[in-house]
Amino acid sequence: MSPPPRWFTALSKLFQEYPQANVTQLATIDKTVPRVRSCIIRELISPEGNEHLPIILTTTDIRTPKVEQILANDTAQVNWWIESSMDQFRLTGKVTLVPEPANRVFHSAGNIGFERLSAGGFDWEVKRVQVFDSLSGHMRASWCRPIPGSPMKGGYGEAKKWPETIPTTTGVTNEREKKLVEQALGNFALILIEPTHVDWVRLGVMPDQRTFFHRGDDESWTETIVVP
Ligand SMILES: Cc1cc2nc3c(=O)[nH]c(=O)nc-3n(C[C@H](O)[C@H](O)[C@H](O)COP(=O)(O)O)c2cc1C
């Protein structure tokens, strides 16, 4: 159908060129208080046949406060600074959460790229497991810990009891590992952000440039060149 918006083509190219520049800042709203934290972008999804509706994928522990904040207010903002090229992308959009199937998908009404992919038979559980398996064993083990943010009564030393690393879903060799992988997968969720507003600042060009992109109700993107 429609081609991807220009900001997405540029961001995808930069992400390919500088894959280590994957740490972004994700902002959510906690009642009236903004909350911001680092999150790693794992994938940029360009829905086949609906390339004008791209999706940004990050991951989290379903037990973290950001999840509750998203459930209460499904709009989030990602700020992505790519130092090597001096580009900043500020992406605002609705969020869909993909936790383990028993918890069901939390689907934001604004996420039509997500809807179209799902209607076309895209299997989000397959994607969730694939992303889980692609992460490091150390990272996977982090979803076996107690609830993030809960007090450690025994101090830092308590962490010695936690598993350091766990295998992939296909790499388990015993019952203990199987249980740990099930536990980690149960806490693991995808966060899908479908931007509708993008503010792209290019400091790597002289003079610097700034462009607003807006996706309208008719799904078309408009661009406005603005003063940086
Ligand atoms: C470099 C870096 C990358 C991080 N990536 C993620 C991530 O991808 N997902 C995530 O949930 N937390 C990530 N964290 C931890 C979060 O920043 C945050 O501390 C944690 O998720 C709890 O956030 P919350 O209490 O606001 O929900 C990262 C932290 C750092 C320092």
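See the structure shown above.
Structure report, in brief.

**Observations concerning the packing of aromatic side chains**
Considering all chains together, one arrives at ten aromatic pairs under this definition. For the ring pair phenylalanine 15 and tryptophan 80, a centre distance of 5.2 Å and an interplane angle of 80° mean the geometry is edge-to-face. Separated by 65 residues along the polypeptide, phenylalanine 15 in helix H1 (residues 6–17) and tryptophan 80 in strand E4 (residues 75–82) bring together distant segments of the chain. The pair phenylalanine 15 / tryptophan 80 is uniform in exposure class, with both members buried.

**A closer look at the pattern of salt bridges**
Scanning all chains against the criterion turns up 13 salt bridges. Between aspartate 87 and arginine 202 there is a salt bridge, and its shortest N-O distance comes to 3.9 Å. Separated by 115 residues along the polypeptide, aspartate 87 in strand E5 (residues 87–98) and arginine 202 in strand E6 (residues 188–202) bring together distant segments of the chain. Assessed through its relative accessible area of 28%, arginine 202 is described here as partly exposed. With its nearest N and O atoms 3.0 Å apart, the salt bridge here joins glutamate 194 to arginine 215. Separated by 21 residues along the polypeptide, glutamate 194 in strand E6 and arginine 215 in strand E7 (residues 209–215) bring together distant segments of the chain. Because the salt bridges share partners, they merge into one network encompassing Asp30, Lys31 and Arg35.

**Re the side chain of asparagine 187**
Summarising the element assignment, asparagine 187 is placed in helix H6 (residues 175–187). In this view, asparagine 187 contacts Thr60, Asp61, Ile62, Arg63 and Trp143; residues no more than four positions away in its chain are not counted.

**Here we look at the site of the ligand**
Inspection of the region around the ligand gives Val23, Arg37, Ser38, Cys39, Ile40, Thr58, Thr59, Thr60, Thr64, Pro65 and Lys66 as its neighbouring residues. The contact in question runs from an oxygen atom of the ligand to an N or O atom on the backbone of isoleucine 40, over 2.8 Å. With respect to the ligand, the backbone of proline 65 contributes an N or O atom lying 3.5 Å from an oxygen atom. Considering the ligand on its own, with 630 Å² of exposed area, one finds that the protein chains cover 59% of that surface. At the level of elements, strand E2 (33–45), strand E3 (55–61) and helix H2 (65–72) are the ones that each hand at least two residues to the shell around the ligand. No other element matches the four residues that E2 contributes to the shell around the ligand. Classifying every residue of the shell around the ligand gives four nonpolar, five polar and two charged.

**Quick notes on unusual backbone geometry**
For the bond running from methionine 206 to proline 207, omega is -5°, close enough to zero to count as cis. Inspection of the secondary structure puts proline 207 in the loop between E6 and E7. Not every positive phi belongs to a glycine, and lysine 31 is a case in point at roughly 55°. Mapped onto the fold, lysine 31 is located in the loop between strand E1 (23–30) and E2. Here the phi dihedral of methionine 86 falls at roughly 60°; this positive angle occurs in a residue that is not glycine. Of note, methionine 86 is situated in the loop between E4 and E5. Exposure remark for methionine 86: the relative accessible area of 34% places this residue in the partly exposed category.

How each quantity is defined
Residues numbered from 1 in each chain as written. Predicted model: local features only at pLDDT ≥ 70, side-chain atom pairs only at ≥ 80, totals over all residues. Heavy atoms only, no water. Phe/Tyr/Trp six-rings, centres within 6.5 Å; stacked < 30°, edge-to-face > 60°. Helix = DSSP H or I, 4+ residues; strand = E, 2+ residues; numbered from the N terminus. Buried < 20%, exposed > 50% of the residue type's maximum accessible area, 1.4 Å probe, protein only. Salt bridge = Lys/Arg side-chain N within 4 Å of Asp/Glu carboxyl O. Contact = heavy atoms within 4.5 Å. Near = heavy atom within 4 Å. Polar contact = N/O pair within 3.5 Å; in protein donor to acceptor, adjacent residues only side chain to side chain. Areas by Shrake-Rupley, 256 points an atom, 1.4 Å probe, with all protein chains shown as cover. Nonpolar A, V, L, I, M, F, W, Y, C, P; charged D, E, K, R; others polar.

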